[in-house]
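Coordinate analysis (summary)
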Amino acid sequence: MVKPRQAVQRMQAYHPPLSGRNGLRLDFNENTVACSPRVVEALAKIAAADLSRYPERAQVEAKVAQHLSLKPEQVLLTNGVDEAIHVLCQTYLDQGDEFLFPTPTYSMYEVYGTATDGVVKTVPSQADFCFPLEPLLQAITPRTRLIAIASPNSPTGTVATREQILTVVERAPHAAVLVDEAYYHFYGQTVMDLVGKLPNLIVARTFSKAYGLAGLRLGMLAAPESMHQWMRTVISPYSVNSLALACLPAALDDGEYLSWYVGEVKAARSEMADAIRQLGVPQWPSQANFILVKIGPLHRDFVRAMHERGVLTRDRSNDQGCNGCVRLTIGTRQQMKQAVTAMAETLKEIRWEKTW
Ligand SMILES: Cc1ncc(COP(=O)(O)O)c(C=O)c1O
């Protein structure tokens, strides 16, 4: 057998389910309804000849830039934020360079970081999962080249404030600081307005969550022009495919659909938080489209019994500080009623009680 690089041998395989996710999907923080009908119309207009050409992304990048009040040179579309993270790791991590981020957080930082010859350095959060600013600042060294801050963070739903983000950006001028705003729409606060004003700030957004386009794989990086020059050197010029490029303008134009979905999720999140409280299950306050709950030692039974009732949830027990935790995506109020009923029945079936 031809051995892979040592960095790859050290990696832990990440295995999300790639089939069989039937039922109410509350396991991957997707939009639980659908994308805008205007996107479906745009898809229907694609002709066979459109598929025979390599994708042309410049015009759509300009449109995204305009939508976010950025310059076209400050926008890079990516094959999901996953590719964006990969591109940043490839761009900034030489051998021994440090990729720093608080934990628990989005799994792919670790995956793409360990795949390089750099070093992944994590800073654990306390039990409240608040952003660990001081420990993070103390962990910055001259070798720190990349820092990732997901805000709102997954799987916790907690945020880093604008002041906290600015402090990190200022204290690590030699590092690229990625603020991952995948769940921005469910929170409403952003540092996008600072892109181009701070030389080392990068902001990522995805179209997988509020926009409901996870299957098209669309994300973006906003950064100063000088950084894009290098990221464009690394990225495949065709990684965002023609179908995604044809659909994105329609998604951006349908602000009404986006507002409806985000409003629905926020209302459902508040109702769900109340319902979980009434069931007596500990939870963390969330600014995203999911809630992390603490089930405790019966977490596997909980996920199984929910699945048997047609509701998929995500066991996060292997994340730092998350032993016994399960994450539930928030969908519409109607869907959450189904989830609460399933949850009440499940807790009864597994004879759940708070034992700690
Ligand atoms: C914090 C965070 N960033 C990025 C992503 C990935 O987004 P995309 O679907 O655009 O690759 C996720 C997906 O769950 C996420 O939770």
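Worth saying up front: this structure is predicted, and the values here are computed from it rather than measured.

Secondary structure summary: the protein chain contains 13 helices and 12 strands in total. Along the longest, intermediate and shortest principal axes, the C-alpha atoms of the protein chain span 55 × 50 × 50 Å. The buried share of the protein chain, taken over its 356 residues, is 54%. Sequence separation of at least 24 residues holds for 74% of the intrachain contacts in the protein chain that already meet a minimum separation of 6. Accessible area of the protein chain: about 16,400 Å², with a carbon and sulfur share of 52%. For the protein chain, the distance from the average site of its 36 positive side-chain charges to the average site of its 35 negative ones is 2 Å.

Residues in close proximity to the ligand include Gly-80, Val-81, Asp-82, Tyr-106, Ser-154, Asp-180, Ala-182, Tyr-183, Thr-206, Ser-208, Lys-209 and Arg-217, which together make up its full environment. Between an oxygen atom of the ligand and a side-chain N or O atom of Lys-209, the distance comes to 2.8 Å. The separation between an oxygen atom of the ligand and a polar side-chain atom of Arg-217 is 2.7 Å. Notes on the ligand: free accessible area 400 Å², of which the protein chains cover 92%. Counting residues per element, the shell around the ligand draws most heavily on helix H5 (residues 80–92), at three residues. Looking at the shell around the ligand residue by residue, the class counts come to four nonpolar, four polar and four charged.

Take the sheet that holds strand S8 (residues 219–222) next. To summarise the sheet geometry, strands pair through backbone hydrogen bonds and adopt either a parallel or an antiparallel arrangement. A sheet is described by the order of its strands in space; here seven strands give the open sequence S2-S8-S7-S6-S5-S3-S4, paired in mixed fashion. At either margin of the open sheet sits one strand with a lone partner, and together these are strand S2 (75–78) and strand S4 (119–124). Averaged over all pairs of adjacent strands, the angle between strand axes in this sheet comes to 20°, irrespective of strand direction. The pairing of strand S3 (residues 98–103) with strand S5 (residues 144–150) spans three bridges and is classified as parallel. Counterpart to Leu-100 in the pairing with S5 is Ile-147.

Attention now goes to the environment of Gly-96. Here Gly-96 is to be found in the loop between H5 and S3. Taking the C-alpha atoms as reference, Gly-96 lies 7.4 Å from Arg-143; in sequence the two are 47 residues apart.

This brings us to the nonpolar core. Nonpolar side chains in soluble globular proteins tend to end up buried together. The biggest cluster of nonpolar side chains holds 85 residues, and the ones touching the most others in it are Leu-77 and Ile-147. Sort the elements by how many residues they give to this core and helix H11 (residues 255–279) lands first, with nine residues. Dropping the residues within four chain positions of it, Leu-77 is found in contact with Arg-57, Val-60, Glu-61, Val-64, Phe-207, Leu-218, Gly-219, Met-220, Ile-235, Val-240, Leu-245 and Leu-248. Listed in part, the 27 residues of the second largest apolar core include Val-81, Ala-84, Leu-93 and Ala-150.

A separate point is the pairing of strand S7 (residues 201–206). Of all the six residues making up S7, six are buried; the element is thus mostly covered by neighbouring parts of the structure. A two-sided burial pattern is seen for S7, the buried positions comprising Leu-201, Val-203 and Arg-205 on one face and Ile-202, Ala-204 and Thr-206 on the other. Note that strand S6 (residues 176–180) and S7 share four bridges and pair parallel. Looking at the pairing, Val-179 lines up with Val-203 of S7. When S7 meets S8, the two strands line up antiparallel, connected through four bridges.

About the cut-offs
- Residues numbered from 1 in each chain as written.
- Predicted model: local features only at pLDDT ≥ 70, side-chain atom pairs only at ≥ 80, totals over all residues.
- Heavy atoms only, no water.
- Helix = DSSP H or I, 4+ residues; strand = E, 2+ residues; numbered from the N terminus.
- Buried < 20%, exposed > 50% of the residue type's maximum accessible area, 1.4 Å probe, protein only.
- Contact = heavy atoms within 4.5 Å.
- Areas by Shrake-Rupley, 256 points an atom, 1.4 Å probe, with all protein chains shown as cover.
- Lys, Arg positive; Asp, Glu negative; His and termini not counted.
- Charge placed at Lys NZ, Arg CZ, Asp CG, Glu CD.
- Near = heavy atom within 4 Å.
- Polar contact = N/O pair within 3.5 Å; in protein donor to acceptor, adjacent residues only side chain to side chain.
- Nonpolar A, V, L, I, M, F, W, Y, C, P; charged D, E, K, R; others polar.
- Pairing = 2+ DSSP bridges.
- Axes fitted to C-alpha atoms, helices over the stretch in contact; angles between N-to-C directions.
- Core = buried A, V, L, I, M, F, W, Y, C linked by side-chain atoms within 4.5 Å.

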